[in-house]
Amino acid sequence: MADALLSMEEDLTCVICCDVYTDPVTLKCSHSLCEKCLQEFWSTQDVIRCPVCRKECSHDEPTKSLAFKSLCETFKRKKPTAISEDICQEHNKKLKFFCYEDEKLFCVVCQALQIHENHKWSPVEEAVVNVKEDLEEHIDALQVTFDELKEAHDSCMKQIEFIEEHSSAGENKIKEEYKKLHQFLKDEEARWTRSLQKEVKSQELKIRARMEELSKQISDLSEKVAAVWQDMEAENITFLQNYSKNLQRVRCSSDPNTDPELNEYQLHPPQTMIFTTWARMLELVEKPPVTLDPKTASPKLLLSPDWSSIQYVESKLCVSENPERLYVGVLASQGFSSGLHCWDVENIIQLVSFHKSSIHLPSTGGDTGTGEL
């Protein structure tokens, strides 16, 4: 309703006096103004124009509308007046008291009518002091909550920074370690390739030497056979005279050495090379440390940021309560169900002075690792 009245008031407002029209007149350009405002505006102009669109006009141009005038006067009469904030709307009296239970202001008439009977109330000046004190207490409580939330927020930010820092360091470490592995594999590939090429060249040299030997034997045998055939074509007397010599030639060549005297060549199986490389690669990989589970750590054990070491503290730490947490000790994050496992324990002297007993490092998967002091 208020928005509708505000919109209607804008439509009935003169652009010169910025008030609801008084004796409104309308120009041919359809713009309306107060008659007095328009005449005063024209008196200052050499050429009379519309104050809105600046279109040239004549003195006999403005026309009156009784209906429009009546509408403006009716709106002025019914236009709601602003209600003072310190006046009681029911009794039109000044507000002098404040009810704490109803959280409302009331006047002397309301008090006389006992509207707030049996309620706690006080004069406005006193109520302002009391209400401010109450709000200040609530603000102090909110400030404590605010500080706690801010501390938790800052803690989360530190955790994010810690994670990002260690993530960057971890990424660099991964790249460094895999760079070593890649270089190792390249070196192994080159080593096996050189070994293969060396072995192939050695075998090839042996075969070529044997081929030269066989070629020489073939040449000698060909010469002997040719000589025998030549003597067989000679005269009978000559042939028979050379028979003993030719027979000796044939007998010497009847059992040639055709054995290559070489073992069958075989390449190393790829599986053997891969297994050998894998076995040698294990020497490059460092043994991983024990990773502790923070959810199981005793409240008197302070874990390092990387969860690989612990430190005993006299005062209990503020940690969450959960069924996995131990009264004494801490579990590893990964358990073992079989096999032999050992750890290197460092900086144990400080722990001994507080807890002179065995150190138990049970695993979540089964066997318990124990180190006696």
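Not measured: the values here are computed from a predicted model.

**What to know about the overall build of the chain**
Piece 1. Counting secondary structure elements, the chain contains nine helices and ten strands.
Piece 2. Taking the intrachain contacts of the chain between residues at least 6 apart in sequence as the baseline, contacts between residues at least 24 apart amount to 46%.
Piece 3. Of the roughly 29400 Å² of accessible surface on the chain, 55% is carried by carbon and sulfur atoms.

**Here we look at unusual backbone geometry**
Piece 1. Despite not being glycine, Glu103 has its phi angle at roughly 55°, a positive value.
Piece 2. Tracing the sequence through the fold places Glu103 in the loop between strand 4 (97–99) and strand 5 (104–106).
Piece 3. Look at Glu103 and you get exposed, because its relative accessible area is 62%.

**Considerations on helix 3 (residues 66–78)**
Piece 1. With 13 residues, helix 3 ought to run about 18 Å at 1.5 Å a step, and its terminal C-alpha atoms sit 18 Å apart, in line with that.
Piece 2. The set of residues buried in helix 3 consists of Phe68, Cys72 and Phe75. The buried side chains of helix 3 occupy one side of the element, clustering within an arc of 65° when seen end-on. Away from its buried face, by an angle of more than 90 degrees, helix 3 presents the exposed residues Leu66, Ala67, Arg77 and Lys78.

**Some points on the confidence of the model for the chain**
Piece 1. Residues of the chain with pLDDT of at least 70 account for 80%, and the chain-wide mean is 79.
Piece 2. Contacts for the low-pLDDT stretch residues 348–373, under 50 throughout, to residues beyond four places or in other chains number 48 contacts.

**Topic: the sheet that holds strand 5**
Piece 1. As summarised here, the arrangement of the three strands in space is 5-4-6, forming an open sheet in which the pairing is antiparallel. In this open sheet, the two strands that pair with only one neighbour each are strand 5 and strand 6 (121–123). Pairs of neighbouring strands in the sheet enclose a mean axial angle of 30°, with direction left out of account.
Piece 2. Contacting strand 4, strand 5 and strand 6, helix 5 (residues 124–232) runs over the sheet at an angle of about 115° to strand 6.

Thresholds, definitions, all that
- Residues numbered from 1 in each chain as written.
- Predicted model: local features only at pLDDT ≥ 70, side-chain atom pairs only at ≥ 80, totals over all residues.
- Heavy atoms only, no water.
- Helix = DSSP H or I, 4+ residues; strand = E, 2+ residues; numbered from the N terminus.
- Contact = heavy atoms within 4.5 Å.
- Areas by Shrake-Rupley, 256 points an atom, 1.4 Å probe, with all protein chains shown as cover.
- Buried < 20%, exposed > 50% of the residue type's maximum accessible area, 1.4 Å probe, protein only.
- Expected span 1.5 Å × (residues − 1).
- Arc of directions from axis to C-beta.
- pLDDT = per-residue confidence, 0-100.
- Pairing = 2+ DSSP bridges.
- Axes fitted to C-alpha atoms, helices over the stretch in contact; angles between N-to-C directions.

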